[in-house]
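Chain by chain, the residues run as shown.
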Amino acid sequence: MRRDLARSLSGDRLTAVYQLDCPAGEAEARARAICVEQTVEFPEALIADEAIREQIIGRVAALRALGQDRFEAAIEYPVEAAGRELTQLVNVLFGNIALQPGVRLTGFTLPESLARQYPGPRFGVPGLRRLLDVAARPLLCTALKPMGLAPAALADLAYRLALGGIDLIKDDHGLADQSFCPFDERVQGCAEAVRLANRKTGRACLYLPNVTAPAPEVAARAHAAKQAGAGGLLVCPGLVGLDAMRALAEDDALALPILSHPAFLGGLCLRPDAGLSHGVLYGQLARLAGADGSIFPHAGGRFAFSEAECRDLVAGLRREMGSIRSIWPVPAGGLRLERVAELRAFYGADCILLIGGDLHAQGADLVASCRRFVELASAAGQVT
């Protein structure tokens, strides 16, 4: 058995970094317990095979104090424990220990042998710029809302938004397949409206319908959206699962950019002593699952993210991950036009600014409000 196990292991290991909140005298034992829990989940003393003990169980690569009763543990796992599936990789990184207090996953690194199993985002930052033919300024995004509008009203709204210069027009994440706004009718109408506006402007605005749906219908809605002329997709991985988004990203018959929406994910990162860091949840995992952009609430909006958490999130979007492309931060959450220069300074030019309700609050002329949005985003990066 020892010989067979040795032949099946490459020696490559992935590394997960955890923040541990516990008394100083317990830190080493806590880290070692994670090594066991995330792999064999079996009393170590009862494992007779030495090869399993030495090669399968995770091992503590580093343990350092961060402050009073707070530690950082780097734990290495054999890549084979993650198999060839994103679901199992996430399970190894933060499966059972998600149920334990005082443990937070703050980052992970993958050897190339594992990272290359995940193509990641199809477009990423330069690819989406090429698709939209926008060279330098931040990209501009908005959402079709409010819920309750009929498909024809949403299509008219999409037309005016595209005419005004918005780059990405997405469904609100609350739009699904409701009786007052059926999916097929909405998508066909909005895609055609954006297509007509593009013919008039000569631009390449993309419409991204929400394809979050029951498991058997996700791919079908995505393909129906493409057939109707949609230029991208909106997915809520917290609702359909990270791997469902990955499957869409890797589908060559779709080949559409994807924005990841944070619905249902927030509770995984709100506690500073548990869950996932913002950089892991909205950054690294979104990239592994193929998103080209990750939507999240910027500090100072109607949600509770801090500037430090937003910086951590962006680091996760951009940190080196082998051949996996960096992706777009999409700050959102009640943002206003008056904050565009501030947002550009905070995120740089490679961001997608998502402003919804405030475009409508500027006055009756929505096209003019959108053009003002374009002007502000373009001017914010100019040196005077």
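In the block above lies the structure referred to throughout.
Conventions used here
Residues numbered from 1 in each chain as written. Predicted model: local features only at pLDDT ≥ 70, side-chain atom pairs only at ≥ 80, totals over all residues. Heavy atoms only, no water. Helix = DSSP H or I, 4+ residues; strand = E, 2+ residues; numbered from the N terminus. Buried < 20%, exposed > 50% of the residue type's maximum accessible area, 1.4 Å probe, protein only. Contact = heavy atoms within 4.5 Å. Arc of directions from axis to C-beta. Pairing = 2+ DSSP bridges. Axes fitted to C-alpha atoms, helices over the stretch in contact; angles between N-to-C directions. 1 Å grid on protein atoms, 1.4 Å probe; cavity = no way out; pocket = protein on both sides within 12 Å on 5 of 7 lines; lining within 4 Å. Points joined across faces, edges and corners; volume = space filled by probe spheres on them. Nonpolar A, V, L, I, M, F, W, Y, C, P; charged D, E, K, R; others polar. Salt bridge = Lys/Arg side-chain N within 4 Å of Asp/Glu carboxyl O. Polar contact = N/O pair within 3.5 Å; in protein donor to acceptor, adjacent residues only side chain to side chain. Expected span 1.5 Å × (residues − 1).

Asks: Can you break down the environment of alanine 73 residue by residue, with the values?
Replies: If you trace the backbone, alanine 73 turns up in strand β3 (residues 70-78). Classification of alanine 73 by relative accessible area gives buried; the value is 0%. Through-space distance from the C-alpha of alanine 73 to that of alanine 62 is 5.7 Å; in sequence the pair is 11 residues apart. Other than its neighbours up to four places away in sequence, alanine 73 contacts Ala16, Val17, Tyr18, Leu20, Ala31, Ala62 and Leu63.

Asks: Can you explain helix α14 (residues 340-347)? Please cite residues and give values.
Replies: Listed as buried for α14 are Val340, Leu343, Arg344 and Tyr347. Along the long axis of α14, the arc covered by the buried residues comes to 100°, so they all point the same way. Where α14 is buried, its residues contact β11 (293-297), α13 (307-318), β12 (328-332), β13 (352-354) and α16 (366-379). In the stretch just after α14, glycine 348 is the one whose phi turns positive, near 80°.

Asks: Lay out the sheet that holds strand β4 (residues 103-109) with the relevant residues and their values.
Replies: Pairing is mixed across the open sheet formed by 5 strands, whose spatial order is β2-β3-β1-β4-β10. The sheet terminates laterally at β2 (59-67) and β10 (275-276), the two strands that pair on one side only. Here β2 pairs with β3 via 7 bridges, running antiparallel. Bridge assignment links arginine 64 to a residue of β3, and that residue is glutamate 72. Those strands touched by helix α4 (residues 86-94) are β1 (13-21), β3, β4 and β10, and its axis lies near 40° from that of β1.

Asks: Any details on empty space enclosed by the protein? Residues and values, ideally.
Replies: Within this structure, the stated rule accounts for 1 cavity of 30 Å³ or more. A volume near 50 Å³ is recorded for the largest cavity. What lines the largest cavity is simply Pro237, Leu242, Met245, Ser260, His261, Pro262, Leu265, Leu281, Tyr282, Ala286, Ser294 and Ile295. Within the residue set of the lining of the largest cavity, elements represented by two or more residues are α11 (242-249), α12 (278-288) and β11. A per-element tally of the lining of the largest cavity places α12 first, with 3 residues. Here the lining of the largest cavity is built from residues that sort into 9 nonpolar, 3 polar and no charged.

Asks: An account of the layout of surface pockets is needed here, citing residue identities and associated values.
Replies: Computed from the structure, the largest pocket encloses a volume of approximately 500 Å³. Contributing to the lining of the largest pocket are 27 residues, with His261, Arg302, Phe303, Ala332 and Gly333 lying nearest its centre. For the lining of the largest pocket, the class distribution of residues is 15 nonpolar, 7 polar and 5 charged. Looking at the second largest pocket, it is lined by 16 residues, and the ones nearest its centre are Val90, Leu242, Leu265, Leu268 and Leu285. Sorting the residues of the lining of the second largest pocket by element identifies α4, α10 (237-240), α11 and α12 as the ones contributing at least two each.

Asks: Can you tell me about the sheet that holds strand β5 (residues 139-144), naming the residues and giving the values?
Replies: Strand pairing within a sheet occurs via backbone hydrogen bonds; the two strands may be parallel or antiparallel. Read across the sheet, 4 strands follow the order β7-β6-β5-β13 without closing on themselves; strand pairing throughout is parallel. Bordering the open sheet on either side are β7 (206-208) and β13, each of which pairs with just one other strand. The sheet shows a mean angle of 25° between the axes of neighbouring strands, direction not considered. The sheet contact formed by β5 and β13 spans 3 bridges and is parallel. Its bridge partner lying in β13, cysteine 141 is registered against leucine 354. Strand contacts of helix α7 (residues 151-163): β5 and β6 (168-171), with the helix running at about 165° to β5, the strand carrying the most contacts.

Asks: Quick one: what's the story with the pattern of salt bridges, residue by residue and with numbers?
Replies: Tallied over the entire structure, the rule returns 22 salt bridges. Measuring nitrogen to oxygen at the nearest pair gives 3.2 Å for the salt bridge that ties aspartate 156 to arginine 160. Note that aspartate 156 and arginine 160 are positioned in helix α7 at a spacing of 4 residues, about one turn of the helix. What makes arginine 160 partly exposed here is its relative accessible area of 28%. Residues participating in the shared-partner salt-bridge network are Arg137, Asp167 and Arg203.

Asks: Provide a residue-level description of the side chain of glutamine 19, including the pertinent values.
Replies: Looking at the secondary structure, you find glutamine 19 in strand β1. For glutamine 19, a relative accessible area of 11% gives the class buried. A polar side-chain atom of glutamine 19 sits 3.0 Å from the main-chain carbonyl oxygen of proline 272. Residue contacts for glutamine 19: discarding those within four places in its chain leaves Leu66, Arg70, Phe71, Gly102, Val103, Arg104, Thr106, Pro272 and Asp273.

Asks: Would you mind going over helix α8 (residues 183-201) in detail, with residue names and values included?
Replies: With 19 residues, α8 ought to run about 27 Å at 1.5 Å a step, and its terminal C-alpha atoms sit 27 Å apart, in line with that. Inspection of α8 places Phe183, Arg186, Val187, Cys190, Ala191, Ala193, Val194, Ala197 and Asn198 among the buried residues, and these make up the whole buried set. All buried residues of α8 project into a common sector of 160° when viewed along the axis, lining one side. α8 presents Arg199 and Lys200 as exposed residues on the side facing more than 90 degrees away from its buried surface. Buried residues belonging to α8 abut β5, α7, β6, β7 and α9 (218-228). Within two residues after α8, glycine 202 carries a phi angle of roughly 80°, on the positive side.

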